[in-house]
Amino acid sequence: MEPEDIIARAVAVLRENDMGGWTRASPTLYPHQWSWDSAFIAIGLAHLDTGRAAGELTALLANQWRNGKIPHIVFNPKAPPESYFPGPEHWASATDSPDAPSGPSLTSGLCQPPVHAIAARHILEVAEARNEGIDTARVFLEEAYPKLFAWHRYLATFRDPEDSGLVTIYHPWESGTDNSPRWTSALERVEVGEIPDYERLDLDHVPDPAERPTGEEYDRFIWLVEVIKDARCDDAVLQRTSPFLAKDVLASAILVKANEALLDMAEVVGAPEEDRTKISAWIERGREGLEERWDPELGLCLDYDLRADEPLKASTIAGFAPLIAGTGDAECREGLLGVLESPAFTGNPDLYKPLPPSTSPDDVGFSPRSYWRGPVWPVMNWLLWWSLKGLGERKRAERLKDCALAQLSDGHFGEYYEPFTGEALGSDDQSWTAAVALDWLA
Ligand code: 9WN
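### So, the overall build of the protein chain
What the protein chain contains, in helices and strands, is 16 helices and 10 strands. Against the 2.2 N^0.38 benchmark of 22 Å for 442 residues, the protein chain shows a C-alpha radius of gyration of 20 Å, consistent with a compact globule. Taking all 442 residues of the protein chain together, the buried fraction comes to 62%. Put simply, 71% of the contacts in the protein chain that link residues at least 6 apart link residues at least 24 apart. Per element, the accessible surface of the protein chain, about 16,400 Å² overall, is 50% carbon and sulfur. Distance between charge centroids for the protein chain: 3 Å, based on 40 positive and 73 negative side chains.

### Observations concerning a negative patch on the surface
Judged by side-chain charge, Glu-284, Glu-291, Glu-292, Asp-329 and Glu-331 come together as a negatively charged surface patch. Here Glu-331 lies in helix 13 (residues 330-341).

### Considerations on unusual backbone geometry
Following Phe-85, the chain continues to Pro-86 via a peptide bond in cis, the omega torsion being 0°. When you line up the elements, Pro-86 lands in the loop between strand 2 (73-74) and helix 4 (88-91). The backbone of Asp-163 sits at a positive phi, close to 55°, despite the residue not being glycine. Within the element layout of this structure, Asp-163 appears in the loop between helix 6 (134-157) and strand 3 (167-169). Overall, Asp-163 belongs to the partly exposed group, its relative accessible area being 47%. Notably, Asp-309 is not glycine yet its phi reads approximately 55°, a positive angle. Position of Asp-309 among the secondary structure elements: in the loop between strand 7 (303-305) and strand 8 (310-312).

### Comments concerning the sheet that holds strand 7
Strand order in the open sheet made by the 4 strands is 3-4-7-8, with antiparallel pairing throughout. Looking at which strands have only one partner, the edges of the open sheet turn out to be strand 3 and strand 8. Across this sheet, the average inter-strand angle for adjacent strands is 35°, counted without regard to direction. Bridge count for strand 4 (residues 246-248) against strand 7 is 2 bridges, and the pairing is antiparallel. Looking across to strand 7, one finds that Ala-246 is bridged to Asp-305. In the packing of helix 10 (residues 249-269) onto the sheet, the strands contacted are strand 3, strand 4 and strand 7, and the crossing angle to strand 4 comes to about 45°.

### Considering the nonpolar core
It is characteristic of soluble globular proteins that their nonpolar side chains tend to be buried jointly. The biggest cluster of nonpolar side chains holds 143 residues, and the ones touching the most others in it are Ile-123, Leu-148, Phe-244, Met-265, Leu-290, Phe-320 and Trp-382. Broken down by element, the residue count for this core peaks at 12 residues, all from helix 10. Residues in contact with Leu-148, not counting those within four places in the same chain, are Leu-61, Ile-70, His-116, Ala-117, Ala-120, Leu-262 and Met-265.

### Section: the pattern of salt bridges
Evaluation of the coordinates by the stated rule reveals 32 salt bridges. Where Glu-216 meets Arg-220, a salt bridge forms, and the shortest distance between an N and an O atom there is 4.0 Å. With a gap of 4 residues between them, Glu-216 and Arg-220 both fall in helix 8 (residues 215-230), about one helical turn apart. Glu-216 sits in the exposed class, given a relative accessible area of 60%. Taken together, the shared-partner salt bridges in this structure form one network comprising Asp-208, Glu-211, Arg-369 and Glu-423.

### Digging into the side chain of Glu-211
Its place among the elements puts Glu-211 in the loop between helix 7 (184-188) and helix 8. A polar contact is formed between the side chain of Glu-211 and the backbone nitrogen of Gly-426, at a distance of 2.9 Å. Once residues within four sequence positions are removed from consideration, Glu-211 is found in contact with Val-206, Arg-369, Ser-370, Tyr-371, Tyr-416, Leu-425 and Gly-426.

### Some details on the site of the ligand
Around the ligand, a shell composed of 16 residues is seen, among which Asp-37, Tyr-84, Gly-176, Asp-178 and Tyr-371 lie nearest. Here Gln-112 contributes a side-chain N or O atom positioned 3.0 Å from an oxygen atom of the ligand. Gln-430 is positioned with one of its side-chain polar atoms (N or O) 3.0 Å from an oxygen atom of the ligand. Protein chains bury 100% of the 420 Å² of accessible surface belonging to the ligand in isolation.

### Details of helix 16 (residues 431-441)
The buried fraction of helix 16 amounts to 10 of the 11 residues, a majority that puts the element mostly inside the structure. Along helix 16, the positions that sit buried rather than exposed are Ser-431, Trp-432, Thr-433, Ala-434, Ala-435, Val-436, Ala-437, Leu-438, Asp-439 and Trp-440. Among the structural elements, helix 1 (3-16), helix 2 (35-45), helix 5 (116-130), helix 14 (378-390) and helix 15 (394-408) are those in contact with the buried residues of helix 16.

### With respect to the packing of aromatic side chains
Centre-to-centre distance and the angle between the planes together describe a pair of aromatic rings. The full count for this structure, using the stated rule, is 27 aromatic pairs. For the pair Tyr-30 and Trp-34, a centre-to-centre distance of 5.1 Å together with 70° between the ring planes defines the contact as edge-to-face. Following the ring pairs from residue to residue traces out a cluster consisting of Trp-36, Phe-40, Tyr-371, Trp-372, Trp-377, Trp-382, Trp-385, Trp-386, Tyr-416, Trp-432 and Trp-440. Here Lys-69 stacks its cationic end above the ring of Trp-65, 4.2 Å away from the centre of that ring.

Cut-offs used in this document
Residues numbered from 1 in each chain as written. Predicted model: local features only at pLDDT ≥ 70, side-chain atom pairs only at ≥ 80, totals over all residues. Heavy atoms only, no water. Helix = DSSP H or I, 4+ residues; strand = E, 2+ residues; numbered from the N terminus. Rg over C-alpha atoms; globule rule 2.2 N^0.38 Å. Buried < 20%, exposed > 50% of the residue type's maximum accessible area, 1.4 Å probe, protein only. Contact = heavy atoms within 4.5 Å. Areas by Shrake-Rupley, 256 points an atom, 1.4 Å probe, with all protein chains shown as cover. Lys, Arg positive; Asp, Glu negative; His and termini not counted. Charge placed at Lys NZ, Arg CZ, Asp CG, Glu CD. Patch = residues over 30% accessible without salt bridge, like charges linked within 9 Å, V, L, I, M, F, W, Y side chains within 5 Å. Salt bridge = Lys/Arg side-chain N within 4 Å of Asp/Glu carboxyl O. Pairing = 2+ DSSP bridges. Axes fitted to C-alpha atoms, helices over the stretch in contact; angles between N-to-C directions. Core = buried A, V, L, I, M, F, W, Y, C linked by side-chain atoms within 4.5 Å. Polar contact = N/O pair within 3.5 Å; in protein donor to acceptor, adjacent residues only side chain to side chain. Near = heavy atom within 4 Å. Phe/Tyr/Trp six-rings, centres within 6.5 Å; stacked < 30°, edge-to-face > 60°. Lys NZ or Arg CZ within 6 Å of the ring centre and 35° of its normal.

Put into structure tokens, the structure is as follows:
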């Protein structure tokens, strides 16, 4: 496929998934609005219509919880009941929490990495670059700013009572990298209690069950949902009772960059000085927190299991968190770039393209077809590309982008790709895959 054809296909995928003001993550596997998917989708949509991109985030923010949390899923009331599990009926008892949004919102009680402020700032940048829709974009930023500030404050307080600079998660789904080996040992320590009978609907939408988490992993996921619902999503309770409690370095790195974007937004909307002081402090603390999680042996940054009080040793794409956050000294950066390009990641000679596998082929948890355990994720390629660009690593960024686009020229717009064969896996026509392609080619 030529670049024009990739653009045309990407536009078609986003149209197909447009539910009238918001975008489902994919046609059948994910028929609802997902939090971080929406942010990436807005980044791509901005090149087609900045107003529609702003609308994507506005629709999501309309479902923000009273404590500032942006829910990980906003359910589509029109999706057939048997389309996704766990769906709105499964989460219903959690959303009677006092923190849940008032009104008819149907959301999950979890959250996902905070890409939103990055997307919001991007919308204004695109409007300015095209000299079109600038006023509307500014109005949008004025409306979104207090909500995004409340979101980041929620993460910096309720999700970081230790003031470590790092975000705590209660469920692997909150990391967005669900069954990654990042969480294996923390999940193994979770003792599964009584879970309701449930039917996996995800397996109906993929050709091979090996592409999705195993039954045992799913039982643990569902048990953790039960625990969270029992606590009525109360953060203070969950900090005490959740059997899974981990510091997530990828979400924390994204938060550092999102806080930088929020600081720029604060400038644009003329926010009070105390907001800026607060945001700057969050950035500083986030950077320090990430530096503390550096593992010299793997040469990567590691998540931390608060229950076992130990680092979660796994060689995954999340380990590049300092590159994403733009932290660390030159030596640390060189070290990380060395690991990124070593045979442990993009330098593996058997790879279809030198693109970062979600888990290193050297890790014991690596599995090339299984979800976050090895496949290449276009959206992660985008995140690393964007980070390398931000660090002034232009050549490396270009190389990554070219390979990622060459992969997408198969026209599938897959959710993820087998790293050695390049086969598209998971869902086809995944919205955020189309969105990042558009951003690359815009
Ligand atoms: C659970 C929608 C989401 C992404 C996640 C990805 C997958 C859901 C699932 O799909 O998670 O949230 O059912 O597996 O892991 O990152 O946001 O695309």
